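If you want the building blocks of each chain, they are given just below.
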Amino acid sequence: MNDIAKFIEGFRRFQQNYFGDNKALFKELKQGQRPSTLVIACSDSRVDPAILTNCEPGDLFVVRNVANLVPPYEKGAGLHGVSTALEFGVRSLEVEHIIVLGHRQCGGIGALMQDGTPESKGEFIGNWVNIARRAKERVLADLPDASAEERVCACEEQSILVSLENLLTFPWLKERVDQGKLNLHGWLFDLEHGKLVAYDASTGKFESLT
Ligand SMILES: [Zn+2]
C-alpha cells in the first residue's frame, strides 16, 4: 500500500472508530474551540505534540515550524505565521499555558550549529534557524572543547530558552504572564529514550517531568 492509500485507510478507521466513539465531543467542538494550551513544536515527523501528550481534538492550539522557534516581536509587513498564532491563541483564545516543545536529533538546530553563513544553508532554512543564533553563541562560548554532538544537544536546550525569551517580547503576552494569567514552559522530548524533560528556572537545568 502506498502512503496516500495508507492515510485514507487511516482516516476511514478514524471515522469509524474515533469519530464514531466521540460524537459528543465533536458536537461540542462544533460550537468552538477552548484549548487551555498553545504548543510550539517542530515540524519534524517524529514529534507530534498531540500524540506525545495523548491529547484529544480541542486540547491543544498548535504551531509547528522548523526547530520550534519563536521569532521576536516585530511589526511590519512580513508574513508572521508564528506571531499570528500567538496573537490568536493569547488574545482571543486566552490560553493559560504556552509550551515550547523541542526535541533531540533536531535537524533545524543541527543546521544552525553548522559552520557557514545563513545564506549558505538553503534559500530559507539558514535565515529561519538564525532566530536562535543567541543560543548558538552561548553554546560556543560555554562549551569550547565539546564535541559537535554535545554542542547540538546543548543548543537544542538553549534554543528553547531563546524562544521563551522571545515570547516575552510580545507586549500583550508579557502582560498576561506578569498578571499570572499565562504560564510559559520549555519542554524537550528525547525520542531515543522516550523521555520528556522541562526547563526548571530554579536550577537552570532541564529536569525529568515523569
Ligand atoms: Zn526539529
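Thresholds applied
- Residues numbered from 1 in each chain as written.
- Predicted model: local features only at pLDDT ≥ 70, side-chain atom pairs only at ≥ 80, totals over all residues.
- Core = buried A, V, L, I, M, F, W, Y, C linked by C-beta atoms within 7 Å.
- Buried ≥ 20, exposed ≤ 12 C-beta atoms within 10 Å, placed from the backbone.
- Helix = DSSP H or I, 4+ residues; strand = E, 2+ residues; numbered from the N terminus.
- Contact = placed C-beta atoms within 7 Å.
- Pairing = 2+ DSSP bridges.
- Axes fitted to C-alpha atoms, helices over the stretch in contact; angles between N-to-C directions.
- Domains from an automatic or database assignment.
- Expected span 1.5 Å × (residues − 1).
- Parallel < 35°, antiparallel > 145°, perpendicular 65-115°, else oblique.
- Left-handed = near helix turned anticlockwise from the far one by under 90°.
- Nonpolar A, V, L, I, M, F, W, Y, C, P; charged D, E, K, R; others polar.

1. Looking at the nonpolar core
Counting 45 residues, the largest nonpolar core has Leu101, Ala132 and Cys155 as the members making the most contacts within it. Elements with a minimum of two residues in this core: strand 1 (37-42), strand 2 (60-65), helix 4 (81-92), strand 3 (97-103), helix 5 (107-113), helix 7 (133-142), helix 8 (148-167) and strand 4 (183-190). Of all the elements, helix 8 adds the most residues to this core, at eight residues. Here leucine 101 is in contact with Val39, Ile40, Ala41, Pro49, Asn68, Trp187 and Phe189, once residues within four sequence places are set aside.

2. With respect to the sheet that holds strand 4
The strand order across the open sheet built from six strands is 2-1-3-4-5-6, with neighbouring strands paired in mixed fashion. Two strands bound the open sheet, and with one partner strand each, they are strand 2 and strand 6 (205-208). Between one strand axis and the next, the sheet turns by 30 degrees as a mean value, whatever way the strands run. By the bridge criterion, six bridges tie strand 1 to strand 2 in an arrangement that is parallel. The residue bridging alanine 41 from the neighbouring strand is arginine 64, located in strand 2. Contacts between helix 8 and the sheet are confined to strand 1, strand 3, strand 4, strand 5 (195-200) and strand 6, with strand 4 contributing the most and set at about 160 degrees to the helix.

3. Topic: the domain arrangement of the protein chain
Domain annotation for the protein chain reports domain 1 (1-32) and domain 2 (33-208). Taking only C-alpha atoms into account, the centre of domain 1 sits 29 Å from that of domain 2.

4. Section: unusual backbone geometry
Phi at alanine 67 takes a positive value of approximately 75 degrees, unusual for a residue other than glycine. Unlike most non-glycine residues, asparagine 68 shows phi in positive territory, near 45 degrees. Along the chain, asparagine 68 falls in the loop between strand 2 and helix 4. Asparagine 68 gets classed as buried once you count the C-beta atoms within 10 Å, which come to 32.

5. Here's the deal with helix 8
With 20 residues, helix 8 extends 28 Å between its outermost C-alpha atoms, agreeing within 8% with the 28 Å of an ideal straight helix rising 1.5 Å per residue. Most of helix 8 sits inside the fold, with 14 of its 20 residues counted as buried.

6. Some details on the packing of helix 7 against helix 8
Helix 8 packs onto helix 7 with a crossing angle of 135 degrees between their chain directions and a minimal axis gap of 8 Å. In terms of orientation, helix 7 lies oblique with respect to helix 8. For helix 7 against helix 8, the interelement crossing comes out right-handed. Judged by residue contacts, Arg134, Ala135, Lys136, Arg138 and Val139 of helix 7 engage Arg151, Ala154, Cys155, Gln158, Ser159 and Val162 from helix 8. For the contact of helix 7 with helix 8, a count of residues per class yields five nonpolar, two polar and four charged.

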